[in-house]
Amino acid sequence: MVTEEELITQLNKSCLPRHVAIIMDGNGRWALARGLERIFGHQAGMESLREVVKLCVELGIQVLTVYAFSTENWKRSRLEVDFLMGLLIKYLYQEIDELCANKVKIKILGNFEKFTTEVQAAINMAIEKSQSNNGLNFNIALNYGGRFEIVEATKVMAQKVASGRLAIEEINEVLFADHLYTAGQPDPDLLIRPAGDFRVSNFLLWQIAYTEFWFTEVKWPDFRRIHFLQALIDFQNRERRFGG
Ligand code: IPE
Ligand code: IPE
Ligand code: MG
């Protein structure tokens, strides 16, 4: 198997993606394959997240977005949802100091008003503590849905039109993008989906118009630095044409 050192030498550090997005998938199947309950997969996946965030910091990547909980994930059992929320709280309190030491700035993509006060407190703590950091922009998509995001942006613009603060003629792609959670950030250059499914699952629908996709059979709890590096190298060997 190829080593991390070999991959690093293949990587062109002067043309890294500015924004990498990851659908952290396959936790449940990872656990079930080991005869464990699904929640153990979520727990194991936290180590993958730590590694990837650290690597993005080391490489100087501008934006990392991870899909942690979708608007559709409320369909899961109460036990699983509660466990995921507990993990989020634990992650934020445990990691915030190291994240801040690495100048990581946390942003939440999604409507987290629906979460318990405990979850909201952890999120607000992380946002506040990291707000003046100027390193990696770390977006955590929580209760996130691409369609919801687009509908919400549309409502805000419609309100502005109704109250005379915006003219219909002023609505264009740039203005629309400014009303999304990712306002001010570059679109993802690379989207990684582990665990073998080839779908988008309502993630960043607007933003992925020209994103390069990278899929692997490896499930998220087994996803390591070498997989991320492999994705970056494959990305660098692609020709992006943007319709030209
Ligand atoms: C991804 O893993 C984590 C979340 C959706 C929160 P899954 O829980 O979807 O794992 P699989 O896809 O069922 O294996
Ligand atoms: C996408 O994975 C959501 C997250 C990783 C948070 P899902 O497991 O929810 O997606 P589907 O159901 O396989 O499309
Ligand atoms: Mg899944």
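The coordinates are above.
Described below are features of the structure shown in this document. Since the model is a prediction, treat every value here as computed from it, not as a measurement.

This next bit is on the overall build of the protein chain. Helix and strand content of the protein chain: eight helices and six strands. Reading the protein chain from its N end, one meets helices and strands in the order α-β-α-α-β-α-β-α-β-α-α-β-β-α. Whereas a compact globule of 244 residues would reach a radius of gyration of roughly 18 Å, the protein chain reaches 18 Å, a difference of no more than 12%. The C-alpha extent of the protein chain, read off along each of the three principal axes, is 60 × 45 × 35 Å. Among the 244 residues that make up the protein chain, the fraction classed as buried is 47%. Summarising the internal contacts of the protein chain: among those between residues at least 6 apart in sequence, 78% fall at separations of at least 24. Just so you have it, the protein chain exposes about 12400 Å², and 52% of that area is on carbon and sulfur atoms. Each charge sign in the protein chain was given a centre, from 28 positive and 31 negative side chains, and these centres are 2 Å apart.

Neighbouring ligand 2 are Ile23, Met24, Asp25, Tyr67, Ala68, Phe69, Asn73, Arg76, Arg193, Arg199 and Ser201. One of the side-chain nitrogen or oxygen atoms of arginine 193 is found 3.5 Å away from an oxygen atom of ligand 2. A distance of 2.6 Å is found between an oxygen atom of ligand 2 and a side-chain nitrogen or oxygen belonging to serine 201. Out of a free accessible area of 390 Å², ligand 2 has 78% covered by protein chains. Looking at which element gives the most residues to the shell around ligand 2, the answer is strand β2 (residues 63–70), with three residues.

Of note in the backbone geometry, alanine 195 takes a positive phi value of approximately 80° without being a glycine. Position of alanine 195 relative to the elements: it lies in the loop between β5 (190–193) and β6 (212–215). For serine 201, which is not glycine, the phi dihedral falls at a positive 50°. By the secondary structure assignment, serine 201 is in the loop between β5 and β6. For serine 201, a relative accessible area of 32% puts it in the partly exposed group.

Right, let's talk about the site of ligand 1 for a bit. Neighbouring residues of ligand 1: 13 residues in total, closest Asp25, Gly28, Arg29, Arg38 and Arg76. With respect to ligand 1, the backbone of asparagine 27 contributes an N or O atom lying 3.1 Å from an oxygen atom. Side-chain polar atom of arginine 38 to an oxygen atom of ligand 1: 2.8 Å apart, as the coordinates give it. Contact with the protein chains covers 87% of the free accessible surface of ligand 1, which is 370 Å². Its residues assigned to classes, the shell around ligand 1 comprises three nonpolar, five polar and five charged.

Here the focus is the environment of histidine 42. In this fold, histidine 42 is placed in helix α3 (residues 38–59). Accessibility expressed as a relative area gives 6% for histidine 42, which makes it buried. Sequence-wise, histidine 42 and leucine 87 are 45 residues apart; in three dimensions their C-alpha atoms are separated by 8.1 Å. Among residues more than four places away in sequence, those in contact with histidine 42 are Asn27, Arg76, Glu80, Phe83, Leu84 and Leu87.

This brings us to the packing of aromatic side chains. For the coordinates displayed, the defined rule picks out 12 aromatic pairs. Ring geometry for tyrosine 67 and phenylalanine 203: centres 4.2 Å apart, planes at 10°, overall stacked. Here the residue tyrosine 67 occupies a position in strand β2, and phenylalanine 203 occupies one in the loop between β5 and β6, the gap between them amounting to 136 residues. Side by side, tyrosine 67 and phenylalanine 203 carry an identical accessibility label, which is buried. Clustering of aromatic rings is evident, with ring pairs tying together Tyr67, Tyr144, Tyr181 and Phe203.

The rules behind these values
- Residues numbered from 1 in each chain as written.
- Chains lettered and ligands numbered in written order.
- Predicted model: local features only at pLDDT ≥ 70, side-chain atom pairs only at ≥ 80, totals over all residues.
- Heavy atoms only, no water.
- Helix = DSSP H or I, 4+ residues; strand = E, 2+ residues; numbered from the N terminus.
- Rg over C-alpha atoms; globule rule 2.2 N^0.38 Å.
- Buried < 20%, exposed > 50% of the residue type's maximum accessible area, 1.4 Å probe, protein only.
- Contact = heavy atoms within 4.5 Å.
- Areas by Shrake-Rupley, 256 points an atom, 1.4 Å probe, with all protein chains shown as cover.
- Lys, Arg positive; Asp, Glu negative; His and termini not counted.
- Charge placed at Lys NZ, Arg CZ, Asp CG, Glu CD.
- Near = heavy atom within 4 Å.
- Polar contact = N/O pair within 3.5 Å; in protein donor to acceptor, adjacent residues only side chain to side chain.
- Nonpolar A, V, L, I, M, F, W, Y, C, P; charged D, E, K, R; others polar.
- Phe/Tyr/Trp six-rings, centres within 6.5 Å; stacked < 30°, edge-to-face > 60°.

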